[in-house]
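Structure assessment
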Amino acid sequence: MRAAHLKSVDLSAPAAPPPAAQAGPGAHRWYAPGTHITIRGLTKRFEGSTLYDSFDLDIPKGKIVSVFGPNGCGKSTLINMISGIMPYDRGQILFEGKEARDTRIGYVFQNYREAVFPWLRAIDNIRYPLQYLGIPKGERQERLDRLVESFEVQFDLNRYPYQMSGGQQQLVSIMRALVVDPEVLFLDEPFSALDYEMVLFLRGRLQKVLTERQVTTLLVSHDLDEAVLLADEVLLLSKRPTHVAERLDFDAPRPRTADTTVTPEFIRVKTRALEVFQREVRK
Ligand SMILES: Nc1ncnc2c1ncn2[C@@H]1O[C@H](COP(=O)(O)OP(=O)(O)OP(=O)(O)O)[C@@H](O)[C@H]1O
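A brief report on the enclosed structure follows. (Residues numbered from 1 in each chain as written. Predicted model: local features only at pLDDT ≥ 70, side-chain atom pairs only at ≥ 80, totals over all residues. Heavy atoms only, no water.)

Counted according to the given criterion, the structure contains 19 salt bridges. For E183, the salt bridge is made with R104, and the minimal N-O distance between the two is 3.8 Å. Here E183 is found in the loop between α6 (166–178) and β6 (184–188), whereas its partner R104 is found in the loop between β4 (90–95) and β5 (105–108), with 79 residues between them in sequence. Here E183 falls in the buried class, since its relative accessible area comes to 18%. By relative accessible area, which is 40% here, R104 ends up partly exposed. A salt bridge links R203 to E226, with the nearest nitrogen and oxygen atoms 3.0 Å apart. Linking R203 in helix α7 (residues 196–213) with E226 in helix α8 (residues 224–230), this pair joins segments that are 23 residues apart in sequence. The pair R203 / E226 is uniform in exposure class, with both members buried. A network of salt bridges, in which partner residues are shared, links E152, R205, K208 and E212. (Salt bridge = Lys/Arg side-chain N within 4 Å of Asp/Glu carboxyl O. Helix = DSSP H or I, 4+ residues; strand = E, 2+ residues; numbered from the N terminus. Buried < 20%, exposed > 50% of the residue type's maximum accessible area, 1.4 Å probe, protein only.)

Across all of its chains, the model carries 8 aromatic pairs by this definition. Where Y52 meets F55, the ring centres are 4.9 Å apart and the plane angle is 75°; that geometry is what we call edge-to-face. Here Y52 and F55 have matching classes, each one buried. Seen in terms of ring centroids, Y107 and F186 are 6.1 Å apart; in terms of plane orientation they differ by 25°. Their pairing is stacked. (Phe/Tyr/Trp six-rings, centres within 6.5 Å; stacked < 30°, edge-to-face > 60°.)

This part is about unusual backbone geometry. Omega for the peptide link from R240 to P241 comes to -10°, which places this bond in the cis form. Here P241 is to be found in the loop between β8 (233–237) and β9 (244–249). Cis rather than trans, the peptide bond between R254 and P255 has omega equal to 0°. Backbone geometry places E152, a non-glycine residue, at a positive phi of 45°. Within the fold, E152 resides in the loop between α5 (137–150) and α6. E152 gets classed as partly exposed once you look at its relative accessible area, which sits at 36%.

Put into structure tokens, the structure is as follows:
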């Protein structure tokens, strides 16, 4: 009986969790196959008000997940807690069983003006994390070249931030986040302060690089079209105390462009997302 049972176990997948009574050290590090980030019992309070209370979530590996929800529901707080920028009161967040500090993480902020180093040329801004991590010079150059090629950069990377447009500065901060080859990338409204032409350009380039590299990505966006267009999955949050209102898959082929937004599948997912959003806002 026992042998027959063992034969049916898929050894390539993480082992199933032992029953609680038998749980030993490390048992809590179990994660479901295909899951990259496992969040359990996450609790966060601000000045007596509860934002998250025993919040659970599994984030799939190698996918782009958009986070969308009512104003102030805690979208930025969620990605800040997951990425390790912000502490939380209770719970556990693990990346394939590892802590955030043992995971390569990239983060792109909305406010690129505060994120790029004004005293460094664009190329040195992008190179900075590699120097910090002590990556050998040859490999640094290789990684930079690969990234510049992937993004098809058309402007002079020897310029300083003050000599670049907002979109170019945000491109630099996106490239700086990706140069470390992150396992997980966090983007907090990365395009909201840019003009539309630049938004279209950056969405296209970013999508291409993320799908080539299969980086697990969490994107906070206030723009529902953008949230759906870029996502493999849209995570819809409720009002606080925040829980997952609904998760919607969107598996249209890539690259996705403005043309994707007129397809029946896009319209179906966006319509459903809007229904859930409106229901949550009215509660
Ligand atoms: N550092 C802080 N101190 C106190 N309260 C905070 C802090 N950061 C966030 N909050 C509270 O948590 C709530 C959620 O903030 P957060 O920025 O995560 O929400 P959001 O969904 O990203 O918001 P928005 O839709 O406005 O971008 C805010 O309304 C605010 O009341």
